[in-house]
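Here is how the chains run, residue by residue.
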Amino acid sequence: MQDGQTTVEVEWPDPVHTALAPADDSPTADRESGAPESGQPDLLTYIRAPMVGTFYHASTPDAQPYVSVGDVVQPGQPVGVLEAMKMMSAITADTGGRVVEMVAPNAHPVEFDQQLIALEPVDVDTVDHS
Amino acid sequence: MQDGQTTVEVEWPDPVHTALAPADDSPTADRESGAPESGQPDLLTYIRAPMVGTFYHASTPDAQPYVSVGDVVQPGQPVGVLEAMKMMSAITADTGGRVVEMVAPNAHPVEFDQQLIALEPVDVDTVDHS
Amino acid sequence: MFSTVLVANRGEIALRVARACRELGIRTVAVYSTPDRDSAVVRFADEAVHIGPATAKSSYLSVPAIIEAALQTGAQAVHPGYGFLSEDPDFAEICESHGIVFIGPPAHVMQQLGDKAAARTLMARAGLPVLPGSTGALVSPAEAKELAQQVGYPVILKAVAGGGGRGMAVVRCADDIRLAYNETRAHARAVFGDDRLYLERFVDDARHIEVQVLCDRHGSVVHLGERDCSVQRRHQKLMEESPAARLPQELREAMWAAAVHGASAVGFVGAGTFEFVVTPDHEFYLMEINCRLQVEHPVTELVTGIDIVREQITVAAGMPLSFRQSEVSSRGVSLECRVNAEDPTRDFAPAPGLLTEFVPPGGPFVRVDTHAYPGWLVGPDYDSLLAKAAVWAPDREQALARMDRALSEFRVDGPGVRTTLGFLRRTLAHPLFQSAQHTTGLVGRMSTEATDNAVEDCQASLPPAPNPSGDGDECAAVD
Amino acid sequence: MFSTVLVANRGEIALRVARACRELGIRTVAVYSTPDRDSAVVRFADEAVHIGPATAKSSYLSVPAIIEAALQTGAQAVHPGYGFLSEDPDFAEICESHGIVFIGPPAHVMQQLGDKAAARTLMARAGLPVLPGSTGALVSPAEAKELAQQVGYPVILKAVAGGGGRGMAVVRCADDIRLAYNETRAHARAVFGDDRLYLERFVDDARHIEVQVLCDRHGSVVHLGERDCSVQRRHQKLMEESPAARLPQELREAMWAAAVHGASAVGFVGAGTFEFVVTPDHEFYLMEINCRLQVEHPVTELVTGIDIVREQITVAAGMPLSFRQSEVSSRGVSLECRVNAEDPTRDFAPAPGLLTEFVPPGGPFVRVDTHAYPGWLVGPDYDSLLAKAAVWAPDREQALARMDRALSEFRVDGPGVRTTLGFLRRTLAHPLFQSAQHTTGLVGRMSTEATDNAVEDCQASLPPAPNPSGDGDECAAVD
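In this text, all values refer to a predicted model and were calculated from it rather than measured experimentally.

Trainee: Is there a simple way to think about the interface of chain D and chain C in this case?
Mentor: Tallying the contact residues gives 38 residues for chain D and 38 residues for chain C. Of the roughly 3,000 Å² buried between chain D and chain C, counting both surfaces, carbon and sulfur atoms make up 52%. The largest per-residue losses of area from chain D upon contact with chain C belong to Glu23, Arg331 and Phe365 of chain D, which jointly make up 22% of the total buried on that side. One can count 10 salt bridges joining chain D with chain C. Between glutamate 357 of chain D and arginine 43 of chain C there is a salt bridge; the shortest N-O distance is 3.4 Å. Connecting chain D to chain C are 22 residue pairs in polar contact (both at pLDDT 80 or more).

Trainee: Honestly, the side chain of serine 242 of chain D in this entry has me stumped. Any pointers?
Mentor: All names here are of chain D. Summarising the element assignment, serine 242 is placed in strand 11 (residues 236-242). For serine 242, a relative accessible area of 2% translates into the label buried. From its side chain, serine 242 meets the backbone oxygen of glutamate 226 in a polar contact 2.7 Å long. Residues within four places of serine 242 in sequence aside, it is in contact with Glu226, Arg227, Val299, Val303, Gly332, Val333 and Ser334.

Trainee: Would you take a moment to explain unusual backbone geometry for this structure?
Mentor: Most of the time, phi is negative for any residue but glycine, and the peptide bond is trans. Note that the residue after tyrosine 153 of chain C, namely proline 154 of chain C, is joined by a cis bond; omega there is -5 degrees. The phi dihedral of methionine 85 of chain A is positive, around 50 degrees, even though this residue is not glycine. Relative to the helices and strands, methionine 85 of chain A is located in the loop between strand 5 (78-84) and strand 6 (87-92). Positive phi, close to 70 degrees, is recorded for aspartate 113 of chain A, a residue that is not glycine. Tracing the backbone shows aspartate 113 of chain A in the loop between strand 8 (108-110) and strand 9 (115-120).

Trainee: Sorry if this is basic, but what is going on with the sheet that holds strand 7 (residues 97-102) of chain A here?
Mentor: Residues and elements named next belong to chain A. Taken in spatial order, the 4 strands of this open sheet run 2-9-7-4, and their pairing is antiparallel. Each having just a single partner strand, strand 2 (45-48) and strand 4 (72-73) make up the two edges of the open sheet. Both strand 7 and strand 9 contribute to a ladder of 4 bridges, which runs antiparallel. Residue methionine 102 lies in a different strand from strand 9, and its bridge partner there is isoleucine 117.

Trainee: What exactly am I supposed to notice about the side chain of aspartate 307 of chain D here?
Mentor: Tracing the backbone through its elements, the reader meets aspartate 307 of chain D in the loop between helix 10 (297-304) and helix 11 (308-316). We classify aspartate 307 of chain D as buried; its relative accessible area is 5%. There is a polar contact of 2.8 Å between the side chain of aspartate 307 of chain D and the side chain of arginine 402 of chain C. At 3.0 Å, the side chain of aspartate 307 of chain D and the backbone nitrogen of arginine 310 of chain D are in polar contact.

Trainee: What's the story with the pairing of strand 1 (residues 4-7) of chain D in this structure? I'm lost.
Mentor: Looking along a regular strand, one sees side chains alternate from face to face of the sheet. All names here are of chain D. Burial of strand 1 is two-sided: the residues Thr4 and Leu6 facing one way and the residues Val5 and Val7 facing the other way are all buried. For strand 1 and strand 2 (residues 27-33), the ladder comprises 4 bridges, and the chain directions are parallel. Bridge pairing in strand 2 places valine 5 opposite threonine 28. Read from strand 1 through helix 1 (residues 11-23) to strand 2, the crossover connection turns out right-handed.

Trainee: Looking at this structure, I do not really get the environment of leucine 131 of chain D. What am I missing?
Mentor: All names here are of chain D. You can see leucine 131 is positioned in the loop between helix 6 (116-125) and helix 7 (141-151). Considering only alpha carbons, one finds leucine 131 and leucine 400, 269 residues apart in sequence, at a separation of 33 Å. Excluding anything up to four places from it in sequence, leucine 131 contacts Arg120, Glu200, Arg201, Val203, Val277 and Tyr285.

Each value, and the rule that gives it
- Residues numbered from 1 in each chain as written.
- Chains lettered and ligands numbered in written order.
- Predicted model: local features only at pLDDT ≥ 70, side-chain atom pairs only at ≥ 80, totals over all residues.
- Heavy atoms only, no water.
- Contact = heavy atoms within 4.5 Å.
- Buried area = accessible area lost by both parts, 1.4 Å probe.
- Salt bridge = Lys/Arg side-chain N within 4 Å of Asp/Glu carboxyl O.
- Polar contact = N/O pair within 3.5 Å; in protein donor to acceptor, adjacent residues only side chain to side chain.
- Helix = DSSP H or I, 4+ residues; strand = E, 2+ residues; numbered from the N terminus.
- Buried < 20%, exposed > 50% of the residue type's maximum accessible area, 1.4 Å probe, protein only.
- Pairing = 2+ DSSP bridges.
- Right-handed = clockwise from strand over helix to strand, strands pointing away.

Function-wise, these values are silent; they only describe arrangement.
Next comes the structure, spelled out in structure tokens:
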């Protein structure tokens, strides 16, 4: 989202910080979605929201999250669900990689094209082992 | 003067052309005054109009012009008169030089800062002989 | 009153609505597609939500995206602007079912009036004059042909789900009706997802005059006078004025009364427009009713002083109209020109691009509604409306002179960008427009004159192009 | 009607006048000084003449330069705008002697009213209320002191040749009068080339209300209602509105009548303004009469629909006014804000520079008069007025909300450029302004409040700054 008066720049994700900091009320509200990241843009790829909705890490409140930081995902693998107007749709990874950050917290509203999950490339070996 | 819609660029003065072409009705009307000339700007200097008025090459209609093309003028020398509200004021050269063009025709209206007379630098010898 | 309103539109109208919200002290949420991320309304609004990609179907026409954006931002109401979802009864219903107020007429009213064939019949039953034609959707080319024979040529075929000047064809003789029927049906299916057609008598040399109505939920139904929108290119309005010039007062009042009566009959709420065709012998017939804000609403605002968008919002919040019919008075003359990013020399093809220069006109009695600014990229994804320039003056002659002055100072430039500014000035200067004797045929006539002049300029001996506004049983379908 | 008019001014007012000319079909000649060569009016006008360097004395104040430019371009009339030569009777006479019509009152009327002390006496004789004070120019500090004793403190010393809020000083006790007299005299000599002063009673917590008049050469003298210009910083107007809020109708009408009577008495022709001070107990007194278009004329235009500049031009051409007094009606409320290139945090010091961004407000009922555009260099040579933003609304509350909306979307940026936009919005939001209970002391009070708030914000224990709008025989000269 953009505030009419100010635009808050997205900072380069810091896995340590992300891992330690508890999710606050609306950490994604100030993130600008869609803009290409500056600096080292080839290091991370992002799974993005295909539409406006609420992003869930798991299929139900009690279920395990689809993926967590450190997991390696394959192209086409479900990584979360997006709810819009009570309809749930699966979010799948376009490309494979290792999850370095759940950028959008669980059960929080997201915009179109907003970054949901950050992936880093993994060795061919690692990808192939599955 | 400037036309509200178009601005006519001043062309680099061409002594031959100037010498041959008779002055038409309002050759200065389309000249933009004041803008520095592009290309070889150090070759010519211009005596400019100190205010809006009518520029005369001579003190009376029957008198000889103060200066003509080819004349060498000295700093402070009268080179024409400007009439504004029936008041005549002398136009004098700020710097010396040889007259290469009477840019503003006789008895024609001129704007502030409009080019009146083009001068080219002359050898020290020539200047000193007077 | 609402504390937050979401504006489900883009361009100048989104900004127009957001301005009204701010003046009412309402927090405003803009929604935007990817190419609109730097749009004027995104800059203006208190909050903005990215709802989808350029494709309108996935952004400005995406009901789930807009509903979600409204729920996320706590919007209590949605203003749909014009176009996009503004006359979609399903969207209105879905808003209501999510506890969001749709700023517009009730869904069932939009449903009734959205079917143009049914609306025609409904309004005819209410006593409004309609042109001879269909009582419902046509079922076959044969039926169309038979009906056309009854009502007499020329006739016009229109999409039942149409509007805004799209999905219609004039037919001038029986031989052409089958082809026109099939083509228009295919067009209607493609554009509106509904291939039903209806037919009515077509009037050549007519004027397009519409009446603005505003209705609240407390039984108040008022009109704000009429607008003349006869300057059109292929059924698209280019210039609009209020009041309509050279119109007998009785006719004017009869049209106002018809609009008020029709709005009352259907239980209208909010802002609506009754579009009429006025014949050369001063008969008027209802064409259609629009359940939304019109592009050209500013001309009515300038002569009445009434902020139509403000009234839409307060009415939707359950408040009564801020004025009574007796308090409405029209002062002077207002005129609006639509400045489009189009190339008039290439049949008004869109000519978008980056605006390197954009200096709108200003000064006395000039109003500009625009989302453009220097550095704005006019994209190819949406309509080509760049700005609406409107003027007010005590009389029509001064209004025309003022508009010409305003257009003369409007500076728009950018690589590849062309505008209708010059074309609009030529239209303003046309003797038929100057004397208010123009009809919807004016722009076609101007094209012919331009061709004639070009021929003359070239000193060529080609015959002049035929005049397309000729009447009689001339056999040429005009889209 | 004139076929060519020369506009002897610069900035927004030159453009304003040129717009009126174009709407009348008059060819327009702009004049410009060197730094104004790319100004808006030069771009707009049909022709432009370079009349001199930046120094106003050699350009916009140079009578020979302007007369020559008019003669060269075949201008039949000169419109002087405001400021510069607009109230110079010598210039008006020289125009006439060259066969050029001066668009303004006759030279002898400007002569009479330009001497503010003599005008005071003249108008008092005509029956207009004036504050107790001088009947002519003061001859010495001693006379000033004696007269001040008679009329009672506080008093205000003013330059006889002054106007526009310059060359005046309020004196609150006898001890200060000699110093104030000498300082004001020196200032008047420097600014107006005329060191004569006069004195009158000064009213604290007063309102500044002025009446617009228009007179033709056929005996018609009409008023266009009043403007409240009480929001001032050091006697410079910042915001103006029409009609004046919270003013008893009898008082309003008495002021209108006084202005019409005064204009008739002096044989006024053209547009003029009668400036009055209105005391807290609703007495009114004439301060001065301006023989020119006012900066704030748009607010009157917006409520009356009358184009004052157009009337100035047609009156100068010998035509009667286009309306009668009975046809003048004021509708709704209009408000204007002056957006200056100044830094309110540095005591409104000029903050000029290159405009890298300039997007004026638009949309419903907003009028902007500006010569600025993206890329325009706001220079240090002339006044800091960047734009006048005016709005219209049916009532004052809506007008204030609309103005705040308009200012909120006004984007001005550039290296070193600061504007009064934020300050104007704070003024709009002030409870005294919101409730129309403000006087000319409002801006001073706001400064004090800002100081107080700053103190509070810092949690410091300093005593609050003294309130400069205190009354009584407080011994502090306020300029």
